[in-house]
Amino acid sequence: MKKVFAVFAMALVLAGATYVYAVGPGSGPGPREGCMGFGKGASLTEEQRTQLQELRQKLHDETAKLREQIWAKRQELRTLWSDSKSGADAIMKMEKELSELENQMREKAVQMKLEARNILTPEQLAEFGKFGGPGPERGPGMGHGRGRGCGGCN
């Protein structure tokens, strides 16, 4: 039995290592390289990159408390779901509270995107409009890339 377990454990480690090498660095959830989802090859001036990076940092700073609240609500909700004594009303109430916090976060992200639009030229807006607009939720910034969040300006 020990030999079977050892062989199974080695196969599991080998499968995990194969996956890590197959995926490679820079993959995983999160935005692609670029500036707030505009992509690495975006035709942004250095001033625009700086402005967008400052805008991103502003959003990050302004939403720190909100992100903490969302994280805490998610933890509370997980606890409710895993507790067989939790009632449906308590779970629904927590789901609603979490949704309200997430909506606040979305509104702040939309405000940031609207501010980002003012930094771009009409030509840049037309180009990025093909992908649903700037930002972490849509467009060239979605997909495999480094880390999570709205992506930095490279």
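Above this text sits the structure in question.
Residues numbered from 1 in each chain as written. Predicted model: local features only at pLDDT ≥ 70, side-chain atom pairs only at ≥ 80, totals over all residues. Heavy atoms only, no water.

(A) Expanded view of the environment of Q53. Summarising the element assignment, Q53 is placed in helix α2 (residues 46–62). Under the relative-accessibility criterion, Q53 is labelled partly exposed at 40%. (Helix = DSSP H or I, 4+ residues; strand = E, 2+ residues; numbered from the N terminus. Buried < 20%, exposed > 50% of the residue type's maximum accessible area, 1.4 Å probe, protein only.)

(B) Molecular detail of α2. For α2, with 17 residues, the first-to-last C-alpha span of 24 Å sits near the 24 Å given by 1.5 Å per residue. Here α2 has its buried residues at Q48, R49, L52, L55 and L59. Summarising the axial view, the buried residues of α2 lie within an arc of 125 degrees, below the 170-degree limit, and thus occupy one face. Relative to its buried face, α2 has exposed residues pointing more than 90 degrees away, namely E46, E47 and E54. (Expected span 1.5 Å × (residues − 1). Arc of directions from axis to C-beta.)

(C) Fine view of the pattern of salt bridges. Per the counting criterion, the structure on display carries four salt bridges. For E97, the salt bridge is made with K73, and the minimal N-O distance between the two is 2.6 Å. Here K73 lies in helix α3 (residues 64–82) and E97 lies in helix α4 (residues 88–117), a separation of 24 residues in the sequence. What makes E97 partly exposed here is its relative accessible area of 22%. The partner of E97 in a salt bridge is K93, and the shortest N-O contact between them spans 3.9 Å. One end of the pair, E97, and the other, K93, are both in helix α4, four residues apart, so they sit about a helical turn from each other. (Salt bridge = Lys/Arg side-chain N within 4 Å of Asp/Glu carboxyl O.)

In short, the description is geometric, and any link to function would need to be established separately.
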